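Descriptive structure summary
The lines below spell out each chain.
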Amino acid sequence: MEGSILITGGTGYIGSHTSLKLLNAGYEIIILDNLSNSCLEVKDRIKKLANKGFQFINGDIRNTNQLKSIFKDKKINAVIHFAGLKAVADSAIYPLEYYENNVVGSLNLFKEMASANIKSLVFSSSATVYGNPGMPICKENTPLNPVNVYGKTKLIIEDILRNIKKADPEWRIINLRYFNPVGAHPSGMIGEDPKGTPNNLMPLISQIAIGRRKKLLVFGDNYNTPDGTGRRDYIHIEDVANAHVASLEKILKGDVLHMDINLGTGKPYSVLEVIKTFESVSLKKIPYEITKRRAGDLAEYYADPSLAKNILNWKAKFDLRKMCLDSWNWQSKNPSGFIN
Ligand code: NAD
Ligand code: UDP
């Protein structure tokens with residue numbers, strides 16, 4: 001196929017794994033990333049793993065002129081849009097930055113795509129859009145009611161996409177709602193490397209295992225779950241990346257016109273199960289202390305992944321053990337994360 005796939009946020013955690021899969025699948029890619037939450041070194045590692053080059057543009061989705069010139073100079077067939085800010089707690093402290101970066105940035109991107117007549121898009125949404133759905137299993141038609149600013153930015157973008165599609169049927173959009181992506185590429189060359197203190201469970205556990213942090217605070221053990229700790233639908237990053245390749249194929253072929261699709265395994269695990277599994281693969285003790293619940297946390301939620309199976313012919317392959325194994329492989333080979 002002539003032309004490239006533009007990947008915004010492609011040096012980030014999910015973007016880097018997806019970029020590698022796309023290169024391996026034979027696509028030409030262009031990564032656009034402002035490196036606000038990733039490192040330039042990721043680019044070289046992707047190239048090395050793929051044994052293939054690609055263009056990297058240090059740029060920002062809020063920069064209209066830059067987008068205009070990218071779409072004018074390059075032949076782009078589709079966009080996979082990962083770029084965004086994603087820390088739930090920060091989004092309450094910096095709402096303006098979150099709305100600006102996520103909503104205004106996305107709007108800018110979609111406007112320039114429309115002007116350039118590029119109307120194929122895979123968008124990174126989040127299970128956060130479901131908010132507190134009242135029952136643990138989330139189907140794509142579960143009502144959307146995000147309870148934090150981050151989730152609200154994702155819902156606004158989803159709504160914008162619904163409106164765009166309604167006004168212009170030529171658009172082809174797959175909106176992926178990720179549950180809890182974890183793990184790393186099995187080579188240990190790329191992985192999740194949060195800047196500052198991690199917000200999420202798996203990077204915290206990995207950093208404790210490598211000795212960068214002392215202990216984990218477990219946020220509550222009195223939930224209505226089998227062991228009392230919160231349960232989530234963790235999904236291996238390689239499964240997530242594969243689902244993007246499948247989604248891209250569907251929209252490029254025109255098989256899917258507009259769809260919201262959950263990406264999860266459908267099988268939740270508790271905090272204590274994650275700790276135990278990580279300990280067994282790393283042979284490291286993870287010291288932890290039970291503390292009070294984190295504000296806004298739910299006891300459990302997980303995906304109904306059946307639509308992804310039916311539409312994308314995709315199903316998560318990897319279990320919790322493999323997720324922990326690859327997280328540990330990445331962390332132990334890169335104790336301080338990416339260097340540059
Ligand atoms: P990440 O922070 O590792 O990657 C996002 C990338 O976007 C970073 O490299 C960052 O530098 C870049 N970026 C941010 N703002 C930008 C801008 N204005 N212009 C250009 N580049 C910009 O995050 P991730 O975990 O890879 O997440 C990717 C997407 O998936 C995000 O939109 C996130 O909200 C969504 N998501 C992530 C998770 C998760 O648990 N990781 C869950 C649900 C949804
Ligand atoms: N969690 C925890 N201690 C931490 C971070 C997370 O006990 O330091 C728990 C959290 O309460 C939830 C699970 O681990 O039950 C996953 O949390 P994460 O923030 O990774 O994902 P989210 O809650 O956003 O789905």
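Description of the structure in this document. On a predicted model such as this, the values are computed, not experimentally measured, just so you know.

Attention now moves to the site of ligand 1. If you check the shell around ligand 1, you find 28 residues, and the closest are Asp-33, Asn-37, Ser-38, Lys-86 and Tyr-150. Separating an oxygen atom of ligand 1 from a side-chain N or O atom of Lys-86 is a distance of 2.7 Å. The protein chains hide 96% of the 830 Å² of surface that ligand 1 would expose on its own. Secondary-structure elements contributing two or more residues to the shell around ligand 1 are α1 (13-24), β5 (120-126) and α6 (149-167). No other element matches β5, which puts 3 residues into the shell around ligand 1. Looking at the shell around ligand 1 residue by residue, the class counts come to 10 nonpolar, 13 polar and 5 charged.

Attention now moves to the sheet that holds strand β13 (residues 269-270). Taking strand neighbours across the sheet as the criterion, the 4 strands line up as β6-β15-β10-β13 in an open arrangement whose pairing is mixed. Each edge of the sheet is formed by a strand with only one pairing partner; in this case those strands are β6 (137-138) and β13. Here strand β10 (residues 231-232) pairs with strand β15 (residues 300-303) via 2 bridges, running parallel. Across the sheet, Arg-232 pairs through a bridge with Tyr-301, a residue of β15.

Contact geometry for α1 and helix α8 (residues 237-253): axes closest at 9 Å, N-to-C directions at 60°. Considering the angle they form, α1 stands oblique to α8. Of the two possible hands of crossing, α1 and α8 adopt the one that is right-handed. For the pair α1 and α8, the contacting residues are Tyr-13, Ile-14, His-17, Thr-18, Lys-21 and Leu-22 in the first and Ile-237, Glu-238, Val-240, Ala-241, Asn-242, His-244, Val-245 and Leu-248 in the second.

With that settled, the discussion passes to the pairing of strand β4 (residues 76-81). By the criterion of burial, β4 is predominantly enclosed, with 6 of the 6 residues buried. As defined by bridge partners, β4 adjoins β5 across 3 bridges and the pair is classed as parallel. Bridged to His-81 within β5 is Phe-123.

This brings us to the pattern of salt bridges. For the structure on display, the rule yields 22 salt bridges. The residue Asp-297 makes a salt bridge to Arg-232 at a minimum N-O spacing of 3.7 Å. Of the two residues, Asp-297 sits in the loop between β14 (288-291) and β15 while Arg-232 sits in strand β10, which places them 65 residues apart along the sequence. Asp-297 sits in the partly exposed class, given a relative accessible area of 21%. Residues Lys-250 and Asp-255 are paired through a salt bridge, measuring 3.7 Å at the closest nitrogen-oxygen approach. Overlapping salt bridges bring together Glu-158, Asp-159, Arg-162, Arg-177 and Asp-260 as one network.

Parameters at a glance
- Positions within a chain are numbered from 1, following the residues in the order the chain's sequence is written.
- Whichever chain is written first is A, and whichever ligand is written first is 1; the rest continue in order.
- Per-residue local features of the predicted model are confined to residues with pLDDT of at least 70, and side-chain atom pairs are confined, for both listing and counting, to 80 or more; whole-chain, interface and lining totals are unaffected and use all residues.
- Just so you know, side-chain values use all the structure's heavy atoms and leave hydrogens and water out.
- For this description, a residue counts as near a given molecule or strand if any of its non-hydrogen atoms is within 4 Å of it.
- Polar contact criterion, stated in full: a pair of N or O atoms within 3.5 Å, where within protein one must be able to donate a hydrogen and the other to accept it, and residues adjacent in sequence count only if both atoms are side-chain atoms.
- Methods summary: accessible areas were calculated by the Shrake-Rupley approach with a probe of 1.4 Å, and residue burial reflects only the protein chains presented.
- To qualify as a helix, a DSSP run of H or I must reach at least 4 residues; to qualify as a strand, a run of E must reach at least 2; elements of each kind are numbered from the N terminus.
- Under the grouping applied here, Gly and all other residues not named as nonpolar or charged are polar, the nonpolar ones being Ala, Val, Leu, Ile, Met, Phe, Trp, Tyr, Cys and Pro and the charged ones Asp, Glu, Lys and Arg.
- Any two strands with at least two DSSP-identified bridges between them are counted as paired.
- Only the contacting stretch of a helix is used when fitting its axis, a line to C-alpha atoms as for every element, and angles between N-to-C directions run 0 to 180 degrees.
- Any angle that is under 35 degrees is reported as roughly parallel, and any over 145 degrees as roughly antiparallel; angles of 65 to 115 degrees are reported as roughly perpendicular and all others as oblique.
- Crossing handedness: left-handed means the near helix sits turned counterclockwise from the far one by under a right angle, and right-handed means the same turn made clockwise.
- We call two residues in contact when some of their heavy atoms are within 4.5 Å.
- Buried means the residue's accessible area, taken with a 1.4 Å probe over protein chains only, is under 20% of the maximum for its type, while exposed means over 50%, and partly exposed covers the values in between.
- The salt bridge criterion pairs a side-chain nitrogen of Lys or Arg with a carboxyl oxygen of Asp or Glu, the two atoms within 4 Å.

Without other data, these values stay purely geometric and don't point to any function.
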